[in-house]
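In case you want the letters, here they are:
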Amino acid sequence: MSSQDEQVEQRRANLAELARLGVEVYPRTFDRRDAISDLVARHGERTHDELEADRTETATAGRILAIRSFGKANFLVLSDGRAKIQVYIRQDSIPALDFTIFKLLDFGDWVGVEGRLFRTKTNELTIWASRLHFLSKCLLPLPEKWHGLTDVETRYRQRYLDLIVNPDSRRVFETRSRVVAAIREFMTARGYLEVETPMMQPIAGGAIARPFTTHHNTLDMDLFLRIAPELYLKRLTVGGMEKVFEINRNFRNEGISTQHNPEFTMMEFYEAYADYQALMTMTEVLISSVARQAIGTDQITFGDHAISLAPPFTRLSLRAAAREAASRRLAREVTDADLRQRDTAADLARLLGLDVAAGHGAGKITTDIFEALCEDRLVQPTFVYDFPTEVSPLSKQKPDDPDTVERFELYIGGFEVANAFSELNDPAEQRRRFEAQLKDRALGDLEAHQMDDDYIRALEYGLPPTGGEGVGIDRLVMLLTNRPSIRDVILFPLMRTRD
RNA sequence: GCGCCUGUAGCUCAGUGGUAGAGCAUUCGACUUUUAAUCGAAUGGUCGUUGGUUCAAUUCCAACCAGGCGCACCA
């Protein structure tokens, strides 16, 4: 018999013995008066004498993370997932049945205790138990107490084990929750209305990405999981909802990496009468105040880097960034004109070792150069602004430069955290952009945007001047919790099934 | 999709072409303020899977499975 089978059998036997003794082994409730983390917060700093003077009685509960037995005197360590407290169990201080229950406990079981707080000789805050209540059984052996669980595959597949034994992991997800709450509060306080738009869409629009497909049986209709809520949110702005936001999942059928999970969370928002300049200013305030609210500071450590999220953020035009990086790399003067001419831009890209596809124009090539040379160097918060029109089918052109749109991306820690633009609201121009995308699609670009006639129709009813933005929540949480992989900030990242 | 790396006890990890190792966990024993408790003893393995080479494979080789990292794609 394997070690695991043996341990499970032993635990089952202990459970059966409890039942034989008449103990309710899966009781319905427990009258917990205090959470362990509250006890530690309230009494963690109080001295032995103060505790003795009070004789503070409590009833608390948690999972057993350690059992230290000395025969007639014993210690349990209980956890509520956030804090731990020690329990002292003396044979002569609790009823005989409770002591028998204690002897049948296993590492990982859930118990409730009643007793009074004191400090041991070694000054550990401890509950001197007067009663012990069995609450639930842990039938499988838990990971070891000292090294914990480090195998990343098990941590992702069996997140509950990770949460039981790795308090850091628990803290990451508590921070994530605070980040989302802070964003919601920030937006709501500024008069944005939170809305929910379809996750199942007949046309997957609003981004350049390959979608997942699904099917509705009764309607006998193929549908896409959304790649972005953008086109629906702007329809709401057409409808007169001037400030809207949505925090929800997007699904993109593309590669998986430390920065990409097939489903990820975005906060996307739209504001009538705002343009991309206004959004830059708002984004600085949003990021820094969410950081302060969620982790108490806007000065963070990410890997080897110290990053300041305090405004103002650096602003850098995309073409200037690509031009300067290419000039440095090639040790020769690269001009704005070089990047705007398809032929010279393509030559530069090839010199830089980049593949140039036949259908790619100067704008796409310039963006490729930027991404290859600049992206991972943008560690301090940086707005990269003024994108080529070619790669931005939903953004409004600059009045004096039709090849450039009013768009920015925010980079922090070497990756993109936000993407925003002044929204294209001219339906005729939007139709032309979609048609250009359809040409790319015909050439085999599976990520090119599809035509959306209803969206064009909505624009024909009139979209006011509007600014819109998407903020990647997972990546923001990575930065604020100093995690190198997006899987560390998603409770159940997508994994291949086993067996 | 490509490249590199990893897979040995429940957990964390050593290791070897010739009967498989440690710590923790588990079981038994001692112990009424310990805290990685300690001390004594014991149990626990299809060495990811399937093939191949070999007298002999956990070890060498190949394919496959799962994962990590990097590249590509992308946010």
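Refer to the structure above for everything that follows.
The rules behind these values
- Residues numbered from 1 in each chain as written.
- Chains lettered and ligands numbered in written order.
- Predicted model: local features only at pLDDT ≥ 70, side-chain atom pairs only at ≥ 80, totals over all residues.
- Heavy atoms only, no water.
- Near = heavy atom within 4 Å.
- Polar contact = N/O pair within 3.5 Å; in protein donor to acceptor, adjacent residues only side chain to side chain.
- Helix = DSSP H or I, 4+ residues; strand = E, 2+ residues; numbered from the N terminus.
- Buried < 20%, exposed > 50% of the residue type's maximum accessible area, 1.4 Å probe, protein only.
- Contact = heavy atoms within 4.5 Å.
- Pairing = 2+ DSSP bridges.
- Axes fitted to C-alpha atoms, helices over the stretch in contact; angles between N-to-C directions.
- Salt bridge = Lys/Arg side-chain N within 4 Å of Asp/Glu carboxyl O.
- Expected span 1.5 Å × (residues − 1).
- 1 Å grid on protein atoms, 1.4 Å probe; cavity = no way out; pocket = protein on both sides within 12 Å on 5 of 7 lines; lining within 4 Å.
- Points joined across faces, edges and corners; volume = space filled by probe spheres on them.
- Nonpolar A, V, L, I, M, F, W, Y, C, P; charged D, E, K, R; others polar.

Regarding the protein's contact with RNA strand B
Part 1 of the argument: The environment of RNA strand B is made up of 55 residues, and the closest members are Ser3, Thr122, Lys145, Glu153 and His260.
Part 2 of the argument: Separating a phosphate oxygen of RNA strand B from a side-chain N or O atom of Lys145 is a distance of 2.2 Å.
Part 3 of the argument: Top element by residues in the surface near RNA strand B is helix α1 (residues 3-20). It accounts for 5 residues.

Thoughts on the environment of Leu286
Part 1 of the argument: In this fold, Leu286 is placed in helix α9 (residues 276-295).
Part 2 of the argument: Classification of Leu286 as buried rests on a relative accessible area of 2%.
Part 3 of the argument: Separated by 104 residues in sequence, Leu286 and Ala182 have C-alpha atoms that sit 9.2 Å apart.
Part 4 of the argument: Not counting chain neighbours up to four residues away, the residues in contact with Leu286 comprise Phe186, Met187, Met267 and Val471.

A short note on the sheet that holds strand β3 (residues 84-90)
Part 1 of the argument: Strand order in this closed barrel of 5 strands is β1-β2-β3-β5-β4, and the pairing throughout is mixed. In this sheet, neighbouring strand axes are inclined to one another by 55° on average, regardless of whether the strands run parallel or antiparallel.
Part 2 of the argument: In terms of strand pairing, β3 meets strand β5 (residues 125-136) through 3 bridges, oriented parallel. Bridged to Gln86 within β5 is Thr126.
Part 3 of the argument: Strand contacts of helix α2 (residues 36-43): β1 (57-69), β2 (73-79), β3, β4 (110-119) and β5, with the helix running at about 100° to β1, the strand carrying the most contacts.

A look at the pattern of salt bridges
Part 1 of the argument: Evaluation of the coordinates by the stated rule reveals 36 salt bridges.
Part 2 of the argument: The partner of Arg350 in a salt bridge is Asp347, and the shortest N-O contact between them spans 3.3 Å. With Arg350 and Asp347 both in helix α12 (residues 342-351) and 3 residues apart, this pair spans about one turn of that helix.
Part 3 of the argument: On the accessibility criterion, Arg350 (47% relative accessible area) is partly exposed.

A few points about α9
Part 1 of the argument: In this model, α9 (20 residues) spans 28 Å end to end at C-alpha, consistent with the 28 Å of a helix rising 1.5 Å per residue.
Part 2 of the argument: Its side-chain oxygen 3.1 Å from the backbone nitrogen of Gln277, Asp275 forms the N-cap of α9.
Part 3 of the argument: In the segment just after α9, Gly296 is the residue with positive phi, at about 85°.

Some remarks on the pairing of strand β18 (residues 415-422)
Successive side chains on a regular strand alternate, one facing one side of the sheet and the next facing the other.
Part 1 of the argument: The element β18 is largely enclosed, with a buried count of 6 among its 8 residues.
Part 2 of the argument: Relative to β18, strand β17 (residues 401-412) is paired through 6 bridges, and the arrangement is antiparallel. Residue pairing across strands places Leu410 opposite Ala418, the latter belonging to β18.
Part 3 of the argument: In this structure, the hairpin formed by β17 and β18 is closed by a connection of 2 residues, where Gly413 is found at a positive phi of approximately 70°.

Topic: empty space enclosed by the protein
Part 1 of the argument: Inspection of every chain in the model, using the stated rule, returns 1 cavity of 30 Å³ or more.
Part 2 of the argument: By volume, the largest cavity amounts to about 40 Å³.
Part 3 of the argument: Every residue along the wall of the largest cavity is listed here: Ala204, Ala207, Ala209, Pro211, Ile227, Arg441, Glu447, Ala448, His449 and Gln450.
Part 4 of the argument: In the lining of the largest cavity, the residues fall into 6 nonpolar, 2 polar and 2 charged.

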